[in-house]
Amino acid sequence: MGSKYLVVLLALLSIIACKEKEQPVEEVVVVEKPADIYEFGFNLSDFVVKRDTVRSGDSFGVILERNKIGYPRIFSIAEKARDTFDIRRLQIGKPYTLLCSKDTLEIPKHFIYQPNQEEFVVISFQDSIHAYTSRKPIKYVEKSVTGVLNSSISQELDKKGISPILTNMLAEQIYAWTIDFTRLQKGDSYKVIYTDKYIDDTIYAGVHKVKAVVFNHKNTPYYAFRYRTDSIKNIHEYYNEAAKDLRRAFLKAPVQFSRISSKYNLNRRIAYYGFALRPHKGTDFAAPIGTPILATANGTVTESQYKGGNGNYVKIRHNSTYETQYLHMQKRKVRVGQHVKQGDVIGWIGMTGNTGGPHVCYRFWKNGKQVDPFKEKLSQSEPIAESLKGDYLNFIRPIKLKLDALPIFDDSKEKEVKTTVTQKE
Ligand SMILES: [Zn+2]
């Protein structure tokens, strides 16, 4: 190393010596330029960056005034930004950033407000005043996890540092009607291909979606593949390797952990009314006030309102034959025209309308008439549209190969191996 430097130095000296009289040697000063950091679409090194959160007593005006902008200007900024962002919507605790001039005055040039992790609002007043909303770049990273159950699935995934959201997706979204996750067995195994979501490349924003999964339960593989069935409404469903739906056409009950307090009975007589015939055309599921009420099948909300004895109720059309209705809700969660999926929360148990206690009166309509759902022969699965089947099978072929090729990583076996090695040492 040293000799190399000497050679360079000598060479340099000789050049300088030769050229000395003809030209002054230019002194080259290499200043290490700080790496440009971009955020919100700005090069942050062009500004003095001030970050803070909206505090109690803060307003857009108060924040700008504190940062040396006077009131007539604040008014005109707020006025011109109004179509994009109403400055009164600033919420306490949300972060904001001021990009200020890089001089001693540090005058704010851009105000950036983040109502959530993904979105941001920019109000610029460098020259002309303008405002816009934008989103931070989102990145999805495909990952996989496999394992053998020695404890509960949530404990297993938790040990591997995987978000509990993944367990919920498996238990509630994908296998809710196929595998009872409270009865999984030791030795059951799983392989999951899923995507994680990152905001701005760095902020982990949780599990995005499960692309494919196979659960080996009691030595039977249960495959599930996510597939887009409606590109306009952007609806995705899970089907198995034979394109069969994993859901029942209807859930057995619109409330989990409830009890039936009154059955569908056309010959019901009520003592309170002098044993007069009071047919009950619904099934009552009793549960505490505030318990979520679930849509028993996919469909579109056709009614959502408060009306007389029904109280707050929701009606859903599932297809040309079936509709379901849910009465006496404390609060409704869906509006007319909204598409709901099986298991979606549509409201909460209450006592509105004509009711003696907290329950949901579940009414099942077939061709416009109320019938007893428990006496209906309902199809057990909703198959994929015939027109999509070929595309679906092509779509899942490479994913299934990938899934099948994943080795199953058994934590308990790995531990055994490690123990053996330690003992040998
Ligand atoms: Zn009822």
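Residues numbered from 1 in each chain as written. Predicted model: local features only at pLDDT ≥ 70, side-chain atom pairs only at ≥ 80, totals over all residues. Heavy atoms only, no water.

## Comments concerning the coordination of the zinc ion
Turning to step 1, where the next piece is worked out: Within the protein, His 280 (NE2), Asp 284 (OD) and Cys 361 (SG) serve as the donor atoms for the zinc ion, at 2.0 to 2.2 Å.
Turning to step 2, where the next piece is worked out: We note that the donor set of the zinc ion lies within a single chain, spaced as H-x3-D-x76-C. Of the two residues, His 280 is situated in the loop between strand E15 (276–277) and strand E16 (283–286) and Cys 361 in strand E23 (residues 359–366); the sequence distance between them amounts to 81 residues. Exposure class is identical for His 280 and Cys 361. Each is buried. (Donors = N, O, S within 2.8 Å, 3.2 Å for Na, K, Ca; no water. Helix = DSSP H or I, 4+ residues; strand = E, 2+ residues; numbered from the N terminus. Buried < 20%, exposed > 50% of the residue type's maximum accessible area, 1.4 Å probe, protein only.)

## A look at the environment of Val 148
Turning to step 1, where the next piece is worked out: Within the secondary structure, Val 148 sits in strand E8 (residues 138–148).
Turning to step 2, where the next piece is worked out: The class for Val 148 is buried, based on a relative accessible area of 16%.
Turning to step 3, where the next piece is worked out: Taking the C-alpha atoms as reference points, Val 148 and Lys 186, separated by 38 residues in sequence, lie 7.7 Å from one another.
Turning to step 4, where the next piece is worked out: When sequence neighbours within four positions are dropped, the list of residues in contact with Val 148 reads Glu 156, Gly 187, Asp 188, Ser 189, Tyr 190, Ile 408, Phe 409 and Asp 410. (Contact = heavy atoms within 4.5 Å.)

## A short note on the packing of aromatic side chains
Turning to step 1, where the next piece is worked out: Applying the stated criterion to the full structure yields 19 aromatic pairs.
Turning to step 2, where the next piece is worked out: Ring geometry for Phe 40 versus Phe 120: centroids 5.0 Å apart, planes at 70 degrees, classification edge-to-face. With Phe 40 in the loop between strand E1 (38–39) and strand E2 (42–43) and Phe 120 in strand E6 (residues 119–124), this pair connects stretches of sequence that are 80 residues apart. No difference in accessibility class separates Phe 40 from Phe 120, as the two residues are buried.
Turning to step 3, where the next piece is worked out: Between the aromatic rings of Phe 250 and Phe 364, the centroid separation amounts to 5.0 Å while the plane-to-plane angle is 70 degrees, which identifies the pairing as edge-to-face. Of this pair, Phe 250 sits in the loop between strand E12 (235–239) and strand E13 (259–262) while Phe 364 sits in strand E23, placing them 114 residues apart in sequence. (Phe/Tyr/Trp six-rings, centres within 6.5 Å; stacked < 30°, edge-to-face > 60°.)

## Let's talk about the pattern of salt bridges
Turning to step 1, where the next piece is worked out: Counted by the stated rule, this structure contains 17 salt bridges.
Turning to step 2, where the next piece is worked out: The closest approach of N and O atoms between Asp 52 and Arg 55, which form a salt bridge, is 2.7 Å.
Turning to step 3, where the next piece is worked out: Accessibility expressed as a relative area gives 46% for Arg 55, which makes it partly exposed.
Turning to step 4, where the next piece is worked out: Asp 200 serves as the salt-bridge partner of Lys 136, at 3.2 Å between the closest nitrogen and oxygen. Of this pair, Lys 136 sits in the loop between strand E7 (130–135) and E8 while Asp 200 sits in the loop between strand E9 (189–199) and strand E10 (203–217); the two residues are 64 residues apart in sequence, bridging distant segments of the chain. (Salt bridge = Lys/Arg side-chain N within 4 Å of Asp/Glu carboxyl O.)

## Some remarks on helix H5 (residues 164–174)
Turning to step 1, where the next piece is worked out: Three or more residues of H5 are buried, namely Leu 166, Thr 167, Met 169, Leu 170 and Ile 174. For H5, the angular spread of buried residues about the axis comes to 160 degrees, placing them on one side. With respect to the buried face of H5, the exposed residues turned more than 90 degrees away are Pro 164 and Glu 172.
Turning to step 2, where the next piece is worked out: Turning to H5, the residues buried within the fold contact E8, helix H4 (153–159), E9, E10, strand E11 (220–230) and E12. (Arc of directions from axis to C-beta.)

## Details of the confidence of the model for the chain
Turning to step 1, where the next piece is worked out: Mean pLDDT over the chain works out to 83, with 84% of the residues at or above the 70 mark.
Turning to step 2, where the next piece is worked out: Predicted confidence is poor over residues 1–26, with pLDDT under 50, and the contacts of this stretch with residues over four places away or in other chains come to one contact.
Turning to step 3, where the next piece is worked out: Per-residue pLDDT stays below 50 along residues 415–425; that stretch engages in one contact with residues further than four places along the chain or on separate chains. (pLDDT = per-residue confidence, 0-100.)

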